[in-house]
Amino acid sequence: MHRYVLKRIILLIPVLLGVSMLVYCILDLAPGDAADILAPDDATLEEKEALREELGLNRPVLVRYFEYMWKLLHGDLGESYLSPVSVWSAFTQKAPNTLKLGLASVIFAVGTSLPLGIYAARHRGSWKDAISMILAILGLSMPNFWLGLLLMLLFALRLGWLPSGGADMGLRSLILPTITIGTGMMATLTRTTRSSMLDVIRQDYLRTARAKGVTEEVVIKKHALKNALIPIITIIGTMLGGILGGATLTESVFSWPGVGRLIIDSLNGRDTPVVTGCIIMTTMFFSVVLLAVDLIYAFVDPRIKAQYASKSKKGGEKKDGEKAAEA
Amino acid sequence: MAKKQQKPKLDANGERKQRSQFGEAWHRMKKDKGAMLGLAVVSILVLVAILSNFLLDYDTDVVGMNTKERLQSPNAKHLLGTDEYGRDILFRILYGSRYSLSVGLVAVAIALVAGVTLGAIAGYKGGAVEEVIMRLTDIFSSVPNMLMALVVVSALGQSMLNLMIAIGVTSIPQFVRITRATVLTVRNQEYVESARAIGLSTPKIIISHILPNSLSPIIVQTTLRVASAIISASSLSFLGLGIPAPNPEWGSMLSGGRKFIRDYPYMTLYPGLAIMITVLSLNLLGDGLRDALDPKLKN
């Protein structure tokens, strides 16, 4: 088990290196650089060149990348070109807002979709199931920036119940962005819950449980849901991992001061260090959460724990294959 | 793919009607109302996208300004109203289907070709080749799709082709994974071994023996990916990084209408509705295809 965790952590390193190199080099392809944006409009070519020299932009991209990497390995994400703060402080200033919004959305999604998915599975084939599934596929098909605008129109502009943007009003300003992000998550999770529950509902052990007189509520909550939990946790894990990077549009609709807007603003300003830094942090967060979810499986499902414990080299390969098949 | 057959249908002579694998799937899908609705709407949309080029004049109907009729609420002459330049919103939405559908299709075509090729090679070859391809896939897919597309499109510059490339490139990993996984399941079947035994070349084996037998999940994934590519395209346009104004891309229409949302909400309502209907019908179709092509998965 320990060796497995260690292996996963070590495997993260090349992925993060690859991501940083990829993003750094792609951004370097972009026409124009920070010097164009920073220089005053009437700057001469020489002045711009001097500015490039000062920012270190005139050297080859790989040289700059390796310097960047060297600093990164020492925990330094570099300085922003455009504002006098370090990338780290720009990121940490915005990240809590995005995390707060993301967590609220996941909670909203889990709270609504588990009951809905179980309900649909229990009434499989009836109109109740049909309506739940129509709701889910509608949620899945709605572009979330549009949903955000509609919610804003109704609850902020027409009814005036909630603020239309910003993060200044505490919980009240959290509600609309949460529903906006949470709806898409809810849709996916409802469908997963339903199909996973349906797989379990047909199993013999549920019939056995009912036959020995266990109440329906206990059958569903204890016997069925527990066994249906693995795919549900996988989806919740992916959602949790994605919260840092997945709120860009909603943040821009609701002027929410988070990482997504920071990335867009920095992209527009050609502020490469901030963009690269934020994406590396987002990716790292994503990978670490996914790793954590994989470990949680072991606690939820003793069968998987047993697998870890008895894993020889061959077993490890097999697990890889299974994962690929799931993906 | 197991050719799992439902109750055999007998014809007058008591013989079972023979159908190909896809004939069988079509037969199953015909009974799925959602899927047929999706298919019908998608067909209509394709037709609209093709015809709008002939029925609407781009310069006058789609981007031409007409300040006398600006900001009209939906009425008999302009069924969905007009925008701040007096352009008819219905015409713009109809014409906009060309952008959404073509970006969706081309982006997914890029991802399909690249992803299926890489996935098939990884799955069939195994070993170091597979390791390299899959690790690169990991790197690509560990950046959230939307962020990756944002980065690519802002590096390449704002144009329709670049939008297609950005969305296509970010959708490659899913195709690599799904193709590799299905190829792994058919790679060791006897018919592949016999193809190898009679000395067929590797590309020939992959193209004519392995891929046709791993098609179903790829078809389903393609349909669902077109839907999400359309959402990504309109999202990027909404952020001002997609198809530049004044082209009537649905996402940029939404973003333009946003300034007027308080007084003229129909300007944001209808383009979003168009996106939703398109994506919804593709999702319905994709779900139906999945159930029809692989009845084992159906609940």
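Just so we're clear, the structure is a prediction, and the values are computed from it rather than from any experiment. (Residues numbered from 1 in each chain as written. Chains lettered and ligands numbered in written order. Predicted model: local features only at pLDDT ≥ 70, side-chain atom pairs only at ≥ 80, totals over all residues.)

## Considerations on the overall build of chain A
Line of reasoning, step 1. Scanning chain A for helices and strands turns up 15 helices and 0 strands.
Line of reasoning, step 2. Across its three principal directions, the C-alpha atoms of chain A cover 85 × 60 × 30 Å.
Line of reasoning, step 3. Here chain A holds 327 residues, and the buried ones make up 36% of them.
Line of reasoning, step 4. The long-range share in chain A, meaning contacts at least 24 apart out of those at least 6 apart in sequence, stands at 72%. (Helix = DSSP H or I, 4+ residues; strand = E, 2+ residues; numbered from the N terminus. Buried ≥ 20, exposed ≤ 12 C-beta atoms within 10 Å, placed from the backbone. Contact = placed C-beta atoms within 7 Å.)

## So, the overall build of chain B
Line of reasoning, step 1. Within chain B one finds 12 helices and 0 strands.
Line of reasoning, step 2. Along chain B, helices (α) and strands (β) appear in the sequence α-α-α-α-α-α-α-α-α-α-α-α when read from the amino end.
Line of reasoning, step 3. Seen along its three principal axes, the alpha-carbon backbone of chain B occupies a region of about 75 × 55 × 35 Å.
Line of reasoning, step 4. Taking all 299 residues of chain B together, the buried fraction comes to 45%.

## Here we look at helix H1 (residues 2–29) of chain A
Line of reasoning, step 1. An ideal rise of 1.5 Å per residue puts 40 Å on 28 residues; H1 of chain A measures up with 42 Å between its terminal C-alpha atoms.
Line of reasoning, step 2. Tucked into the core, H1 of chain A has its buried residues touching helix H4 (61–73) and helix H13 (272–300) of chain A together with helix H5 (127–141) and helix H6 (145–156) of chain B. (Expected span 1.5 Å × (residues − 1).)

## Overview of the environment of Tyr264 of chain B
Line of reasoning, step 1. With respect to the helices, strands and loops of the structure, Tyr264 of chain B is situated in the loop between helix H11 (250–257) and helix H12 (266–293).
Line of reasoning, step 2. Spatially, the C-alpha atoms of Tyr264 of chain B and Ser73 of chain B are 7.3 Å apart, while their sequence positions differ by 191 residues.

## What to know about the interface of chain A and chain B
Line of reasoning, step 1. At the interface, 43 residues of chain A touch 37 residues of chain B.
Line of reasoning, step 2. When residues of the side of chain A that touches chain B are traced back to their parent elements, those giving at least two are H1, helix H6 (127–141), helix H7 (144–158), helix H8 (171–201), helix H11 (248–253), helix H12 (259–268), H13 and helix H15 (313–326) of chain A.
Line of reasoning, step 3. Ranked by residues supplied to the side of chain A that touches chain B, first place goes to H1 of chain A with 9 residues.
Line of reasoning, step 4. Its residues assigned to classes, the side of chain A that touches chain B comprises 31 nonpolar, 12 polar and no charged. (Nonpolar A, V, L, I, M, F, W, Y, C, P; charged D, E, K, R; others polar.)

## Side note on the nonpolar core
Line of reasoning, step 1. Counting residues in hydrophobic clusters, the biggest one holds 139 residues, and the most contacted among them are Cys278 of chain A together with Ala149, Leu163 and Ile167 of chain B.
Line of reasoning, step 2. For this core, the element with the most residues is helix H4 (residues 89–125) of chain B, which contributes 18 residues.
Line of reasoning, step 3. Beyond its immediate sequence surroundings of up to four residues, Cys278 of chain A is in contact with Phe91, Val259, Leu262 and Ile263 of chain A. (Core = buried A, V, L, I, M, F, W, Y, C linked by C-beta atoms within 7 Å.)

## Structural notes on helix H10 (residues 215–238) of chain B
All names here are of chain B.
Line of reasoning, step 1. For H10, spanning 24 residues, the distance from its first C-alpha to its last is 34 Å, which sits close to the expected 34 Å at 1.5 Å a residue.
Line of reasoning, step 2. A large share of H10 lies buried, amounting to 19 of its 24 residues.
Line of reasoning, step 3. Once H10 ends, the next one or two residues include Gly240, with phi positive near 85°.

Shape descriptors only; they carry no functional weight alone.
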